[in-house]
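# Reading the structure
Listed below, chain by chain, are the residues.
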Amino acid sequence: MSQSSATPVVERVDAENLYEILVDGRRAGVTAYRDHGEQRVFFHTEVDTAYAGQGLGAQLVQHALDDVRASGKRIVPVCPYVAKFLKRHDEFADITDQVTPDVLRWLESQLG
Ligand SMILES: CC(C)(COP(=O)(O)OP(=O)(O)OC[C@H]1O[C@@H](n2cnc3c(N)ncnc32)[C@H](O)[C@@H]1OP(=O)(O)O)[C@@H](O)C(=O)NCCC(=O)NCCS
């Protein structure tokens, strides 16, 4: 397991449709999305195994969802990790939409 004294930094990378968490300037994890109108559809979250279980996934998703709120958008949690996070953080309930078959079909077409 990697240890670091540096504070992780979360950034949105529009060109890649994802948020990344950087530890010592290195990408340690990402949460990926596609925008569907005003909805930001999160479909995959991944943290490098070297950094697993240190709460980085939770920090990454917290910042990403705060950014969704700041952007005036809504959350659609297709990613099971984001869905689990939201069950524990009902402060985002007012900007969370259900995953519907229509959104899943749309996402599939986006991801090819
Ligand atoms: C899921 C993942 C992003 C978590 O990252 P992390 O930095 O280790 O996460 P944290 O330390 O913040 O949180 C760990 C929690 O994630 C949970 N978790 C692990 N894999 C999960 C999954 N596939 N779906 C939902 N929750 C998951 C753990 O059970 C743990 O829960 P706990 O807090 O109740 O003990 C990471 O394990 C990973 O990259 N997994 C492989 C890819 C994956 O399965 N992504 C999720 C679906 S897209």
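Just so you know, these numbers come straight off a predicted model, no measurement behind them. (Residues numbered from 1 in each chain as written. Predicted model: local features only at pLDDT ≥ 70, side-chain atom pairs only at ≥ 80, totals over all residues.)

### Observations concerning helix H3 (residues 101-111)
Side chains three or four residues apart in an α-helix point the same way, a direct result of the helix having 3.6 residues per turn. To keep it simple, the criterion reads: Three exposure classes are used. Buried residues have 20 or more other C-beta atoms within 10 Å of their own C-beta, exposed residues have 12 or fewer, and partly exposed residues fall in between, all C-beta atoms being placed from the backbone. Counting from the N terminus, the helices are DSSP H or I runs at least four residues long and the strands are E runs at least two residues long.
Little of H3 is tucked away: 0 of the 11 residues are buried. Immediately downstream of H3, the backbone of Gly 112 shows phi near 70°, a positive value.

### Description of the nonpolar core
Applicable threshold: In this usage, the nonpolar core is the set of buried Ala, Val, Leu, Ile, Met, Phe, Trp, Tyr and Cys residues whose C-beta atoms join them within 7 Å. Note on contacts: residues are paired as contacts if their backbone-placed C-beta atoms lie within 7 Å.
Among the nonpolar cores identified, the biggest contains 22 residues, and Phe 42, Val 61 and Ala 64 are the most heavily contacted of them. For this core, the secondary structure elements donating two or more residues are strand E2 (18-23), strand E3 (26-36), strand E4 (39-47), helix H1 (56-70), strand E5 (74-77) and helix H2 (80-88). Sort the elements by how many residues they give to this core and H1 lands first, with 5 residues. If we skip the residues at most four places from it in the chain, Ala 64 touches Val 10, Tyr 19 and Thr 31.

### Here's the deal with the site of the ligand
This is how it is decided: Placing the C-beta atom from the backbone, one calls a residue near a molecule or strand if that atom lies within 6 Å of it. Three classes are used, and their members are as follows: Ala, Val, Leu, Ile, Met, Phe, Trp, Tyr, Cys and Pro are nonpolar, Asp, Glu, Lys and Arg are charged, and the others, Gly among them, are polar.
Around the ligand, the structure places 15 residues, and the nearest of them are Glu 46, Val 47, Gly 57, Ala 58 and Pro 80. Elements supplying a minimum of two residues to the shell around the ligand: E4, H1 and H2. Considering each element in turn, the shell around the ligand owes the most residues, 4 residues, to E4. When the residues that make up the shell around the ligand are grouped by side-chain class, the tally is 7 nonpolar, 6 polar and 2 charged.

### Regarding H1
In plain terms, the rule: Expected helix span is taken as 1.5 Å per residue step, with the number of steps being one fewer than the number of residues. By definition, the arc is the one covered by directions from the helix axis to the C-beta atoms.
End to end, H1 covers 21 Å across 15 residues, agreeing with the expected 21 Å (1.5 Å per residue, within 8%). Among the residues of H1, Gly 57, Leu 60, Val 61, Ala 64, Leu 65 and Val 68 are the ones counted as buried. Taken end-on, H1 shows its buried residues confined to a sector of 125°, consistent with a single buried face. Structurally, H1 contributes buried residues whose contacts are with strand E1 (9-13), E2, E3, E4, E5 and H2. Where H1 terminates, the next one or two residues include Gly 72, which has phi positive at roughly 75°.

### Some thoughts on unusual backbone geometry
For Asn 17, which is not glycine, the phi dihedral falls at a positive 55°. Within the secondary structure layout, Asn 17 lies in the loop between E1 and E2. Overall, Asn 17 belongs to the partly exposed group, with 16 C-beta atoms counted inside 10 Å. Unusually for a residue other than glycine, Asp 24 sits at a positive phi of about 55°. Mapped onto the elements of the fold, Asp 24 is located in the loop between E2 and E3.

### A few points about the sheet that holds E2
Going by this rule: Any two strands are treated as partners once DSSP identifies two or more bridges connecting them. Axes here mean lines fitted to C-alpha atoms, for a helix over just the part in contact, with angles spanning 0 to 180 degrees between N-to-C directions.
Reading across the sheet, the 5 strands line up as E1-E2-E3-E4-E5 and stay open at both edges, with mixed pairing between neighbours. Since the sheet does not close on itself, it has two edges, and those belong to E1 and E5, each with one partner. Along the sheet, successive strands turn relative to each other by an average axial angle of 30°, direction set aside. Pairing between E4 and E5: 4 bridges, direction parallel.

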